[in-house]
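# What the coordinates show
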Amino acid sequence: MNLSIVFRVVNIIVAAFMIIGGIMTCIAGGFPNFIQGIFVIIFGLMTLLFEFRLPAMITQFASFMFSFMGRGLFYIFLGCITLSYRGLALASGIIVAVIGIVFVILHFFRNKIDIPSNMTKRAFEDAMSGYGSSQDNTTQLNDPTRPVPPLNYPTDGFSTTQSPYVANPNNPYPPSPTYPPANYTKSSAV
């Protein structure tokens, strides 16, 4: 059974409740609540963005969003942060936390259900393949024919005349320089 669209709608609803809860937390008063609310709003916008595009720069540091367990724990955390004594913030926090608990439970049944397309390993690898490229750093989720841009590694500037070490032409990464061993027995050494 393909539940990909259902999961996407649920994630969009969670993002909306995160944003609402963040706004209500900002309104609650006090500088700490304001900062906390701003972070919840940013995370809500990030969750919303992940349903339409996967920016490589964000994807690199938010790989937990590609599993039910990671997303569920993230939702539980933000739901608990959003909980307060005001009605709308309390409702938003409970809804986000409950959906997080459902996602954690779904983690143990992931072999029986279809994983949403934006939570697959392929979506993560596609998003990361564009990272560091001079081209567009985002992956369209609905465009499986999009060519993967090549990674642009520096290949020039490592000749043996300019450097004390020899670059391996088969290795795209520059070699680490070698340094002489430290001599701590001399009194002049600091």
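Conventions and cut-offs
Residues numbered from 1 in each chain as written. Predicted model: local features only at pLDDT ≥ 70, side-chain atom pairs only at ≥ 80, totals over all residues. Heavy atoms only, no water. Phe/Tyr/Trp six-rings, centres within 6.5 Å; stacked < 30°, edge-to-face > 60°. Helix = DSSP H or I, 4+ residues; strand = E, 2+ residues; numbered from the N terminus. Salt bridge = Lys/Arg side-chain N within 4 Å of Asp/Glu carboxyl O. Buried < 20%, exposed > 50% of the residue type's maximum accessible area, 1.4 Å probe, protein only. pLDDT = per-residue confidence, 0-100. Contact = heavy atoms within 4.5 Å. Expected span 1.5 Å × (residues − 1). Core = buried A, V, L, I, M, F, W, Y, C linked by side-chain atoms within 4.5 Å.

The next subject is the packing of aromatic side chains. Taken as a whole and assessed by the stated rule, the structure comprises 9 aromatic pairs. Where Phe 7 meets Phe 103, the ring centres are 6.0 Å apart and the plane angle is 80°; that geometry is what we call edge-to-face. You can see Phe 7 sitting in helix α1 (residues 4–27) and its partner Phe 103 sitting in helix α5 (residues 87–107), a full 96 residues away along the chain. Ring geometry for Phe 64 against Phe 74: centres 5.3 Å apart, planes inclined by 50°, an arrangement best described as tilted. Here Phe 64 is found in the loop between α3 (56–61) and α4 (68–82), whereas its partner Phe 74 is found in helix α4, with 10 residues between them in sequence. Each member of the aromatic cluster is reached from another via a ring pair, and the members are Phe 7, Phe 39, Phe 43, Phe 64, Phe 68, Phe 74, Tyr 75 and Phe 103.

Scanning all chains against the criterion turns up 2 salt bridges. Here Arg 8 and Glu 51 are joined by a salt bridge, their closest N and O atoms 3.8 Å apart. Here Arg 8, found in helix α1, pairs with Glu 51, found in the loop between α2 (31–50) and β1 (53–55); they are 43 residues apart in sequence, far enough to count as distant. Across the pair Glu 51 and Arg 71 runs a salt bridge whose closest N-O atoms are separated by 2.9 Å. Placement of the pair is Glu 51 in the loop between α2 and β1 and Arg 71 in helix α4, with a sequence separation of 20 residues. Pair check on accessibility: Glu 51 and Arg 71 agree, each one buried.

All right, on to the confidence of the model for the protein then. Considering every residue of the protein, the mean pLDDT works out to 76; 66% of them sit at 70 or more. In the model, residues 133–139 has pLDDT below 50 throughout and makes 21 contacts with residues more than four positions away in sequence or in other chains. Below pLDDT 50 for its whole length, residues 156–165 participates in 7 contacts with residues either more than four positions away or in separate chains.

The end-to-end C-alpha distance of α4, which contains 15 residues, comes to 21 Å, matching closely the 21 Å that a straight helix rising 1.5 Å per residue would cover. Lining the buried residues of α4 we find α1, α2 and α5.

Before going further, it helps to examine the nonpolar core. Core analysis: the biggest nonpolar cluster contains 22 residues, and Met 18, Phe 50, Phe 68, Phe 74, Tyr 75 and Phe 103 have the highest contact counts within it. Of all the elements in the fold, those that place two or more residues in this core are α1, α2, α4, α5 and α6 (121–129). With residues up to four places along the chain from it excluded, the contact list for Phe 74 reads Met 18, Phe 43, Met 46, Thr 47, Phe 64 and Met 65.

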